[in-house]
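The residues making up each chain are set out below.
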Amino acid sequence: MIDLALDSRLFLYDEIDWGLQELDLILNTENTELITNYRYGSNMYQFLWQLNPSLDAIRSYIKEKIALCHYLSKYKVDVDVSILDGELRNIYYVKISVYSNDAVKYREYQFR
């Protein structure tokens, strides 16, 4: 059992859930917030202001961040990225699928 939650009443018992929680922390932390480790975190907003965004560049950037997740390294992970038109800038919809022997778990993100 690992307690990765901010709330002490929630415990995670599944290794895939540990990895998804770790991924949440990486993708929702700016890469300038942790002073001692500049590789930790992400800068997804760099893609939002591009006029011609490349889905392959976004997908490979997210896969680089997934490679930093200790618990997800044992599983097959797929990243699906799509672009939605926003009023001021693009909205990126990211769906990450983690496959284990007996289950598939998803995590969805929107970057606006």
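Residues numbered from 1 in each chain as written. Predicted model: local features only at pLDDT ≥ 70, side-chain atom pairs only at ≥ 80, totals over all residues. Heavy atoms only, no water.

1. Side note on helix H3 (residues 55–66)
In plain terms, the rule: A run of DSSP states H or I qualifies as a helix once it reaches four residues; a run of E qualifies as a strand once it reaches two. Both are numbered from the N-terminal end. Expected span, for any helix, means 1.5 Å times one less than how many residues it has. Burial classes follow relative accessibility: with a 1.4 Å probe on protein chains only, a residue under 20% of its type's maximum area counts as buried, one over 50% as exposed, and anything between as partly exposed. It is the directions from the helix axis to the C-beta atoms that the arc portrays. Between two residues, a contact is recorded if the distance between any of their heavy atoms is within 4.5 Å.
In this model, H3 (12 residues) spans 16 Å end to end at C-alpha, consistent with the 16 Å of a helix rising 1.5 Å per residue. Along H3, the residues classified as buried are Ile-58, Tyr-61, Ile-62, Lys-65 and Ile-66. Projected down its long axis, H3 carries its buried residues within an arc of 145°, all on one side. In H3, those exposed residues whose orientation departs by more than 90 degrees from the buried face are Asp-56 and Glu-64. On its buried face, H3 is in contact with helix H1 (15–27), helix H2 (45–48), strand S1 (76–84) and strand S2 (91–99).

2. Quick word on the pattern of salt bridges
Using the following cut-off: When a carboxyl oxygen of Asp or Glu is within 4 Å of a side-chain nitrogen of Lys or Arg, the pair counts as a salt bridge.
Evaluated as defined, the whole model comprises 6 salt bridges. In this structure, the salt-bridge partner of Asp-17 is Lys-105, at a minimum N-O distance of 3.0 Å. Within this pair, whereas Asp-17 is found in helix H1, its partner Lys-105 is found in strand S3 (residues 104–111), the two being separated by 88 residues in sequence. Connected through salt bridges with shared partners, the residues Asp-14, Asp-17 and Lys-105 form a single ionic network.

3. Digging into the pairing of S3
Counted only if it meets this: Should DSSP find at least two bridges between two strands, the strands are regarded as paired.
Looking at chain direction, S2 and S3 are connected through 8 bridges and run antiparallel. When the sheet's bridge partners are listed, Val-94 is paired in S3 with Tyr-109. Counted along the chain from S2 to the antiparallel partner S3, the turn is 4 residues long.

4. A few points about the environment of Asn-43
The residue Asn-43 is located in the loop between H1 and H2 in this model. Classification of Asn-43 as partly exposed rests on a relative accessible area of 23%. Once the C-alpha coordinates of Asn-43 and Thr-29 are considered, the two residues, 14 residues apart in sequence, prove to be 8.2 Å apart. Residues in contact with Asn-43, not counting those within four places in the same chain, are Glu-30, Asn-31 and Tyr-61.

5. Let's talk about a nonpolar patch on the surface
The cut-off we apply is this: Distance thresholds for patches are 9 Å for like charges and 5 Å for nonpolar side chains (Val, Leu, Ile, Met, Phe, Trp, Tyr), applied to residues having over 30% relative accessible area and no salt bridge. Surface accessibility follows the Shrake-Rupley procedure with a 1.4 Å probe radius. Residue values consider only the protein chains on display as shielding.
On the surface, Tyr-99, Val-104 and Tyr-106 cluster together into a nonpolar patch covering about 260 Å² of accessible area. Position of Tyr-99 among the secondary structure elements: in strand S2. Given the relative accessible area of 30%, Tyr-99 is considered partly exposed.

6. Things to note about the pairing of S1
In this sheet, S2 lies alongside S1 in antiparallel orientation, the contact comprising 9 bridges. Residue Val-79 lies in a different strand from S2, and its bridge partner there is Ile-96. Connecting the antiparallel pair S1 and S2 is a turn made up of 6 residues.

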